Amino acid sequence: MSDTVTVRIPTALRPQVGDQESLEVAGGTVADVLGSLNSQYPEFGKRLYKAQGELNRFINVYVNDEDIRFMDNLATALKGGDEVSIVPAIAGG
Amino acid sequence: MSQDLERYHRQMLLPGFGETGQRRLMDAKVLVVGCGALGTVIANMLARAGVGHLVIVDRDFIEITNLQRQVLFDESDVTEGIPKAEAAKRKIAGINSQVTVEAIVDDVNHTNIEKLATGLEGVGKVDLIMDGVDNFETRYLANDVAVKHGIPYIYGGAVGTVGASYAILPHTAPPGETGDTPWEKAERATPCLRCIFEQAPPPGVNPTCDTAGVIGPAVSIVANYQVAEALKVLTGNLDAVSQTMLNIDLWANVFKQFKVARAYDVGECECCKKRNFEFLDGKFGSSTTTLCGRNAVQLNLKSADDDSSAAGNGHKLDFTEIAKRLEAHGRVTANKFMLRADITDNGEPYELTLFNDGRAIVKGTKHANVAKSIYAKYVGA
């Protein structure tokens, strides 16, 4: 099994990561993985975080199919092959 | 089989449906909030399934760019300038004459949503609220009403090639207690929309139909998923209602079901846990709305506590008089539902639409202050 996790990027944030739908990122926790993306793509981080270490409240993060708020939040541990989905509220209709 | 049931034979064959389920549908009253891309699919399928009473509320009229995805409308509706709710009612009359439709051409806001969901004359409290909305403010209002009055509410949203849906079977009692609703007794209550998304995305942050576009299948899939959940709720198949939130991306080929059930237990939701209905109380909300899919602003000129305003009696605006005044500025057309005028102001072209309930839509700007200024100059605030 690979050491990286797959991070799924929502449409709204793809321009900030070079128009990629998903990225393979290494890291032991959700904070590590998002932090690594933040240093590589600062504009992406600006959209994701409300403040240092605090995600915007209209964006949810799921590891596989579980909400990190109901696990260890940003400290939620990851293992190789996990899928991290960044899911914003979808407003259109 | 009695004659009125024959047309529903194929769905009645399903386990858990039968004549009992069909009779429940025929007795059911559903509020469809918004009749655009999601709402037309929802209204169409609920009517075909035989839901007895539909209340369809929409503030908009039909444009040519709607026809790509809004399945109940056609070119003649665009030509005639028919409001969406009214056009939907006319189409449904030809699809299923057993269904009663109330078409309400109005903005849904904190002053009227409770009445729409619980106190409409001849309808009373609806059994279900369906989300055909294009903004989060109205969704939180629907969510507030659903939780406050114990009405199931099925969220749906779509933009671009992505979409989401989730069925809310609301908690109606304080934490630790069990409410009287069938879903609470069956231990099938679900977290509300604010448990899952505590806040709406601020304007300009998320893609809209303007910036990202939208394909018909994204909205159709989401809306039909909402309808499937609705059929489960209305026929009493509560065990089958999904406890997860659907997320799809048709371009990335991703279909996910996120687990959200713990959001109620773990979170401190203002709405369903603390029973603090901030949107319904008017704490949040605006009197202007930037419209998804168009370079336009809606002005809601209703007074929040004044039922006798232009909104109340529906016909206070004198379209003939206004048309006379506006003809000097450009093309003006009017029917009994609306007046539309092309206006060039300060070298910029705008399209002003007035509705007989006191609302206005100013096309050609995304800025509320510009829209207000246009209205004040040419109509008079």
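The model shown is predicted, which means the values in this text are computed figures rather than measured ones. (Residues numbered from 1 in each chain as written. Chains lettered and ligands numbered in written order. Predicted model: local features only at pLDDT ≥ 70, side-chain atom pairs only at ≥ 80, totals over all residues. Heavy atoms only, no water.)

### Focus: the overall build of chain B
Within chain B, the regular secondary structure consists of 15 helices and 14 strands. For 381 residues, the compact-globule formula gives about 21 Å, and the C-alpha radius of gyration of chain B, at 21 Å, lands near that figure. Seen along its three principal axes, the alpha-carbon backbone of chain B occupies a region of about 65 × 50 × 45 Å. Looking at the 381 residues of chain B, the share that counts as buried comes to 56%. Summed over its atoms, the accessible surface of chain B is roughly 15800 Å², and 49% of this surface lies on carbon and sulfur atoms. (Helix = DSSP H or I, 4+ residues; strand = E, 2+ residues; numbered from the N terminus. Rg over C-alpha atoms; globule rule 2.2 N^0.38 Å. Buried < 20%, exposed > 50% of the residue type's maximum accessible area, 1.4 Å probe, protein only. Areas by Shrake-Rupley, 256 points an atom, 1.4 Å probe, with all protein chains shown as cover.)

### As for the overall build of chain A
Across its full length, chain A carries two helices and seven strands. Here the C-alpha atoms of chain A give a radius of gyration of 12 Å, agreeing with the 12 Å that 2.2 N^0.38 yields for 93 residues. Per element, the accessible surface of chain A, about 4100 Å² overall, is 47% carbon and sulfur.

### Re the interface of chain A and chain B
Much of the literature gives interface size as the accessible area that the parts lose upon coming together. Taken together, the contact pairs 25 residues of chain A with 42 residues of chain B. On the chain A side of the interface with chain B, the three residues burying the most area are Phe70(A), Ile90(A) and Gly93(A), jointly 26% of the side's total. Across the chain A-chain B interface, the total number found is six salt bridges. In this structure, Lys259(B) and Glu66(A) form a salt bridge, with 3.4 Å as the shortest nitrogen-oxygen distance. Elements represented by at least two residues in the side of chain A that touches chain B include exactly strand 5 (59-63), strand 6 (66-67) and strand 7 (83-88) of chain A. Per element, the largest residue contribution to the side of chain A that touches chain B is four residues, and it comes from strand 7 of chain A. Looking at the side of chain A that touches chain B residue by residue, the classes come out as nine nonpolar, six polar and 10 charged. (Contact = heavy atoms within 4.5 Å. Buried area = accessible area lost by both parts, 1.4 Å probe. Salt bridge = Lys/Arg side-chain N within 4 Å of Asp/Glu carboxyl O. Nonpolar A, V, L, I, M, F, W, Y, C, P; charged D, E, K, R; others polar.)

### Some details on the domain arrangement of chain B
Residues and elements named next belong to chain B. Looking at chain B, the domain boundaries give domain 1 (3-266) and domain 2 (288-378). Using only C-alpha atoms to locate each centre, domain 1 and domain 2 end up separated by 29 Å. Contact residues are listed per partner, giving 20 residues for domain 1 and 21 residues for domain 2. Summed over both partners, the interface of domain 1 with domain 2 buries about 1700 Å², with 49% contributed by carbon and sulfur atoms. One can count one salt bridge joining domain 1 with domain 2. The residue Glu63 makes a salt bridge to Lys363 at a minimum N-O spacing of 3.2 Å. Counting every contact that joins domain 1 to domain 2 gives five residue pairs in polar contact (both at pLDDT 80 or more). Broken down by secondary-structure element, the contributors of at least two residues to the side of domain 1 that touches domain 2 are helix 5 (84-95) and helix 10 (209-212). Among the residues forming the side of domain 1 that touches domain 2, the class breakdown is four nonpolar, six polar and 10 charged. (Domains from an automatic or database assignment. Polar contact = N/O pair within 3.5 Å; in protein donor to acceptor, adjacent residues only side chain to side chain.)

### Considerations on the sheet that holds strand 12 (residues 338-345) of chain B
Residue and element names in this part refer to chain B. Taking strand neighbours across the sheet as the criterion, the six strands line up as 9-10-14-13-12-11 in an open arrangement whose pairing is antiparallel. Strand pairing shows two members of the sheet lacking a second neighbour, strand 9 (288-290) and strand 11 (332-334), which therefore form its edges. With direction set aside, neighbouring strand axes in the sheet form an average angle of 20 degrees. Here four bridges tie strand 13 (residues 348-355) to strand 14 (residues 359-363), and the two strands are oriented antiparallel to one another. Within strand 14, the position partnered with Glu351 by the bridge is Lys363. In the packing of helix 15 (residues 368-378) onto the sheet, the strands contacted are strand 9, strand 10 (296-300), strand 12, strand 13 and strand 14, and the crossing angle to strand 10 comes to about 65 degrees. (Pairing = 2+ DSSP bridges. Axes fitted to C-alpha atoms, helices over the stretch in contact; angles between N-to-C directions.)

### Details of unusual backbone geometry
Although it is not a glycine, Asp19(A) adopts a positive phi angle of roughly 60 degrees. Inspection of the secondary structure puts Asp19(A) in the loop between strand 1 (4-8) and strand 2 (22-26). The class of Asp19(A) is exposed, set by a relative accessible area of 61%. The phi torsion at Glu187(B) lies on the positive side, around 55 degrees, for a residue other than glycine.

### Describing the nonpolar core
Residue and element names in this part refer to chain B. The biggest cluster of nonpolar side chains holds 55 residues, and the ones touching the most others in it are Val30, Leu46, Leu54, Ile56, Ile92 and Met130. Listing elements by their share of this core, those giving two or more residues are strand 1 (29-33), helix 3 (37-49), strand 2 (53-58), helix 5, strand 4 (128-131), strand 5 (153-159), helix 11 (216-234) and strand 7 (244-249). The leading source of residues in this core is helix 11, at 10 residues. Aside from chain neighbours lying at most four places away, what touches Ile92 is Ala43, Ala47, Leu54, Ile56, Leu72, Val99 and Val101. Of all hydrophobic cores here, the second largest spans 50 residues; its members include Val57, Val162, Tyr166 and Phe279. (Core = buried A, V, L, I, M, F, W, Y, C linked by side-chain atoms within 4.5 Å.)

### Here's the deal with the environment of Lys259(B)
By secondary structure assignment, the location of Lys259(B) is in strand 8 (residues 254-259). With 15 residues separating them in the primary sequence, Lys259(B) and Thr244(B) have C-alpha atoms 4.8 Å apart. Apart from the residues within four sequence positions on either side, Lys259(B) is in contact with Tyr62(A), Asp65(A), Glu66(A), Asp67(A) and Thr244(B). Among the polar contacts listed, one links the side chain of Lys259(B) to the side chain of Glu66(A), at a separation of 3.4 Å.

### Some remarks on helix 11 of chain B
For helix 11 of chain B, spanning 19 residues, the distance from its first C-alpha to its last is 26 Å, which sits close to the expected 27 Å at 1.5 Å a residue. Immediately beyond the C-terminal end of helix 11 of chain B, within one or two residues, lies Gly236(B), with a positive phi of roughly 85 degrees. (Expected span 1.5 Å × (residues − 1).)

### Thoughts on helix 15 of chain B
All names here are of chain B. What helix 15 keeps buried is the set Ala371, Ile374, Tyr375 and Tyr378. The arc enclosing the buried residues of helix 15, seen along the axis, measures out at 95 degrees, which places them on a common side. Those residues of helix 15 that are exposed and aimed more than 90 degrees away from the buried face are Asn369 and Lys377. Among the structural elements, strand 10, helix 14 (319-326), strand 12, strand 13 and strand 14 are those in contact with the buried residues of helix 15. (Arc of directions from axis to C-beta.)

### Observations regarding the side chain of Asp60(B)
Residue and element names in this part refer to chain B. With respect to the secondary-structure elements, Asp60 resides in the loop between strand 2 and helix 4 (75-80). By relative accessible area, which is 11% here, Asp60 ends up buried. Residues in contact with Asp60, not counting those within four places in the same chain, are Pro83, Lys84, Arg294 and Ile361.

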